[in-house]
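# Topology and contacts: notes
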Amino acid sequence: MTTPTDTDPLVHRMRPFGTTIFAEMSALAARTGAVNLGQGFPDTDGPAEMLAAAAEALHSGHNQYPPGPGIPALRQAVAEHQRRFWGLDYDPNGEVLVTAGATEAIAAAILALCEPGDEVICFEPYYDSYAASIALAGAVRRPVTLHPTAAGRYAFDPAALRAAFGPRTRLVLLNSPHNPTGKVFTRDELTLIAELCQEHDVYAVTDEVYEHLVFTDAATAHVPLATLPGMWERTLRISSAGKTFSCTGWKIGWASGPAALVSAVTRVKQFLTFVNGAPLQPAVAVALALPDDYYNGFRAGLQARRDQLSAGLTAAGFDVLNPEGTYFVTADITRLGGRDGVEFCRSLPERCGVVAVPTQVFYDDVTAGQRLVRFAFCKRPEVLDDAVARLSTMRPVG
Ligand SMILES: *Cc1c(COP(=O)(O)O)cnc(C)c1O
């Protein structure tokens with residue numbers, strides 16, 4: 001018998017991933033009584049029709065394992081929703097898979113498609129599960145940096161994207177609308193991504209959980225990559241109910257794509273969670289079919305709250321990068337005397353009673369995000385008012 005010589009039982013490839021910054025900042029908020037604008041979850045419930053449908057399902061026998069690919073009514077609703085909003089056609093039988101949130105769909109996709117050593121191109125700052133899922137698969141991430149522009153948006157260098165492609169590139173993992181920057185990729189940017197995917201014969205996996213959160217003053221509408229010429233065939237399109245219907249704790253997501261891709265992902269997914277959320281699946285089917293009024297009202301509500309928080313941040317001395325979509329606003333701390341976002345966020349509760357997260361933890365190139373912090377505005381207006389009042393008491397340091 002051998003005894004482990006290492007004190008840490010964790011496999012090496014997962015060691016770079018400590019506790020998430022969200023856990024640290026949420027603990028800090030709890031300890032100091034600060035307003036927590038760190039983690040991106042809403043503080044209100046989703047549509048009443050959806051909640052009623054879940055309660056009804058819970059009391060009418062929908063409590064055992066649902067079918068592996070998801071219940072037919074939800075797969076049907078997912079397909080209809082994509083036809084209705086994006087003109088995309090998926091067969092609910094074979095081209096749609098229900099997952100335990102978008103997070104499981106992303107992990108299963110990477111595990112299903114990447115051999116160890118294969119490369120995954122993603123834009124940094126990236127959503128925190130991406131790096132971990134890539135590492136779990138033994139794959140290698142190839143980040144392309146989004147830089148703030150003089151116009152207050154984020155953009156990437158096309159040459160840097162081109163250079164990221166190579167013989168080991170297996171897929172591009174694209175998040176648009178993008179967390180944490182609030183960037184919505186333009187049709188021109190997507191066209192370049194699509195051309196490179198085809199030139200190098202790689203797959204695209206798209207994380208579109210904010211598909212319904214593009215604000216009316218955005219420079220571009222949301223364009224699913226799968227709608228571009230030649231892309232439906234090589235794209236796995238992922239979304240979820242959590243953000244659109246304010247039910248982040250339900251973890252009902254889905255992946256859509258050509259049958260071969262969906263089948264590959266299903267074969268991995270079945271051994272991760274197999275299935276989840278039996279009584280929640282029919283409720284999400286109800287939510288997806290809600291009239292346009294719901295979607296428009298949802299977006300307008302978040303846009304008003306974005307404006308509320310952005311104005312407060314600007315007044316407090318932050319340089320705000322105006323988000324075109326999502327739940328988040330990022331801001332530069334330089335004018336407030338900030339040199340490092342991690343330090344800044346650790347001191348913010350003491351300085352004014354608000355919690356934010358440093359976005360540098362979502363970059364490989366730490367210097368690129370060193371002076372940027374992220375605030376979530378998916379909170380009730382009175383909570384944001386309180387946060388804005390607290391921010392107004394902050395004085396520059398040093
Ligand atoms: C919240 C979020 C997810 C996770 O979605 P779940 O459905 O809760 O798993 C994935 N990607 C991005 C960019 C997110 O912001």
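Per chain, the residues get numbers from 1 upward, laid out in the order the sequence is written. Only residues with pLDDT of at least 70 get local features here, since the model is predicted, and only at 80 or more are side-chain atom pairs given and counted; chain-wide, interface and lining totals rely on the full set of residues. Hydrogens are left out, water is left out, and the side-chain values use all remaining heavy atoms of the structure.

The chain has the name Pyridoxal phosphate-dependent aminotransferase in an unreviewed UniProt entry, where Micromonospora sonneratiae is given as its organism. UniProt positions are given in the numbering used here, feature names are shortened, and annotations may be inferred rather than shown by experiment. Quoted verbatim from the Cofactor (unreviewed entry) field of the UniProt record, the comment on the chain reads "pyridoxal 5'-phosphate".

The next subject is the overall build of the chain. When helices and strands are tallied, the chain shows 13 helices and 15 strands. Radius of gyration here uses only the C-alpha atoms, and the compact-globule reference equals 2.2 Å multiplied by the residue count raised to the power 0.38. Whereas a compact globule of 398 residues would reach a radius of gyration of roughly 21 Å, the chain reaches 21 Å, a difference of no more than 12%. Under the scheme applied here, a residue whose accessible area is under 20% of the maximum for its type counts as buried, over 50% as exposed, and between as partly exposed, the area being computed with a 1.4 Å probe on protein chains only. A total of 398 residues make up the chain; the buried ones form 56% of that total. For the purpose of counting charges, residues Lys and Arg are taken to be positive, whereas Asp and Glu are taken to be negative. His and the chain ends are not included. Lys charges are placed at NZ, Arg charges at CZ, Asp charges at CG and Glu charges at CD. Side-chain charges in the chain split into 33 positive and 42 negative, and the spacing between the mean points of these groups amounts to 3 Å. Under the DSSP-based scheme used, a helix requires at least four consecutive residues in state H or I and a strand at least two consecutive residues in state E, with every element numbered from the N terminus.

What follows deals with the site of the ligand. Working definition: residue near molecule or strand if any one of its non-hydrogen atoms lies within 4 Å of it. In the vicinity of the ligand, the contacting residues are Gly101, Ala102, Thr103, Tyr127, Asn175, Asn179, Asp207, Val209, Tyr210, Ser240, Lys243 and Lys251. Between N or O atoms, a polar contact is any pair within 3.5 Å; within protein, one atom must be a potential hydrogen donor and the other a potential acceptor, and residues adjacent in sequence are included only when both atoms are from side chains. Asn179 places a side-chain nitrogen or oxygen 3.0 Å from an oxygen atom of the ligand. Surface accessibility in these figures is a Shrake-Rupley result with a 1.4 Å probe; residues are shielded only by whichever protein chains are displayed. Taken by itself the ligand offers 380 Å² of open surface, and the protein chains cover 94% of this. Broken down by element, the residue count for the shell around the ligand peaks at three residues, all from helix H4 (residues 101-113).

So, on to the sheet that holds strand E2 (residues 96-99). Pairing in this open sheet of seven strands is mixed, and the strands run E2-E10-E9-E8-E7-E3-E4 from one edge to the other. The sheet is open, and its two edges are formed by E2 and strand E4 (140-145), each paired on a single side. Taking each pair of neighbouring strands and ignoring which way they run, the sheet shows an average axis angle of 20°. Residue contacts are defined here by distance: any two heavy atoms, one from each residue, within 4.5 Å place the two residues in contact. Simply put, an axis is a line fit to the C-alpha atoms, just over the touching stretch for a helix, and the angle between two N-to-C directions goes from 0 to 180 degrees. Across the sheet, H4 is in contact with E2, strand E7 (169-175), strand E8 (203-207), strand E9 (235-240) and strand E10 (253-256); its angle to E9 comes to roughly 160°. Pairing between strands requires that DSSP locate at least two bridges from one strand to the other.

What follows deals with the pattern of salt bridges. By salt bridge we mean one thing: a side-chain nitrogen of Lys or Arg within 4 Å of a carboxyl oxygen of Asp or Glu. Scanning the model with the defined rule gives 19 salt bridges in all. Of the charged contacts in the structure, one is a salt bridge between Arg84 and Asp292, with a shortest N-O distance of 2.7 Å. Placement of the pair is Arg84 in helix H3 (residues 72-86) and Asp292 in helix H11 (residues 292-316), with a sequence separation of 208 residues. Relative accessible area serves as the criterion here: at 42%, Asp292 is assigned to the partly exposed category. One salt bridge in this structure joins Asp364 and Arg141, with 3.0 Å as the shortest N-O distance. On the criterion of sequence distance, the pair formed by Asp364 in the loop between strand E14 (357-358) and strand E15 (372-376) and Arg141 in strand E4 is long-range, its members being 223 residues apart. Given the relative accessible area of 35%, Asp364 is considered partly exposed. A residue is classified by how much of its surface remains accessible, and Arg141, at 30% relative accessible area, is partly exposed. Overlapping salt bridges, with partners in common, bring together Asp43, Arg380 and Glu382 in one network.

Considering the arrangement of structural elements, one finds Arg75 in helix H3. A polar atom in the side chain of Arg75 sits 3.0 Å from the backbone oxygen of Pro92.

Here we take up helix H1 (residues 21-32). Any helix carries an expected span of 1.5 Å times its number of residues minus one. Over its 12 residues, H1 runs 16 Å from end to end, which matches the ideal 16 Å to within 8%, given 1.5 Å per residue. Within H1, burial applies to Ile21, Phe22, Met25, Leu28 and Ala29. Viewed along the axis of H1, the buried residues span an arc of 130°, placing them on a single side of the element. The exposed set on the far side of H1, more than 90 degrees from its buried face, consists of Ala30 and Arg31. On its buried face, H1 is in contact with strand E1 (35-36), helix H5 (128-136), helix H12 (341-352), strand E13 (354-355), E14 and E15. Within two residues after H1, Gly33 carries a phi angle of roughly 70°, on the positive side. As used here, the arc is the angular range of directions from the helix axis to the C-beta atoms.

What follows deals with the sheet that holds strand E12 (residues 328-332). Whenever strands of a sheet pair, they do so through backbone hydrogen bonds, lying parallel or antiparallel. Pairing in this open sheet of four strands is antiparallel, and the strands run E11-E12-E15-E14 from one edge to the other. The open sheet is flanked by strand E11 (319-321) and E14, the only strands paired with a single partner. Sheet topology note: the E12/E15 ladder contains five bridges and is antiparallel. When the sheet's bridge partners are listed, Phe328 is paired in E15 with Ala376.

We now examine the packing of aromatic side chains. For any two aromatic rings, the description comes down to two numbers: the centre-to-centre distance and the angle of the planes. Here is the rule: rings of Phe, Tyr and Trp (six-membered ring for Trp) pair when centre to centre is within 6.5 Å. Planes less than 30 degrees apart are stacked, more than 60 are edge-to-face, and the remainder are tilted. All chains considered together, the criterion is met by 19 aromatic pairs. Centre to centre, the rings of Tyr90 and Trp232 are 5.5 Å apart; their planes meet at 25°, and the pair counts as stacked. Of this pair, Tyr90 sits in the loop between H3 and E2 while Trp232 sits in the loop between E8 and E9, and the two are 142 residues apart along the sequence. Residue classification places Tyr90 among the buried residues on the basis of a relative accessible area of 2%. For Trp232, a relative accessible area of 23% gives the class partly exposed. With a centroid separation of 6.1 Å and 65° between ring planes, the pair formed by Tyr327 and Phe328 is classed as edge-to-face. Residue classification places Tyr327 among the buried residues on the basis of a relative accessible area of 1%. The buried category is assigned to Phe328, whose relative accessible area is 2%. Grouped by ring-pair contacts, the aromatic residues Phe85, Trp86, Phe245, Tyr294, Tyr295 and Phe298 constitute a single cluster. Lying over the aromatic face of Phe328, Arg374 brings its terminal NZ or CZ to 3.6 Å of the ring centre. Comment: the charge-over-ring label is applied if NZ (Lys) or CZ (Arg) is within 6 Å of the ring centre and within 35 degrees of the ring normal. When the ring centre of Phe41 is taken as reference, the NZ or CZ atom of Lys379 above it lies at 3.8 Å.

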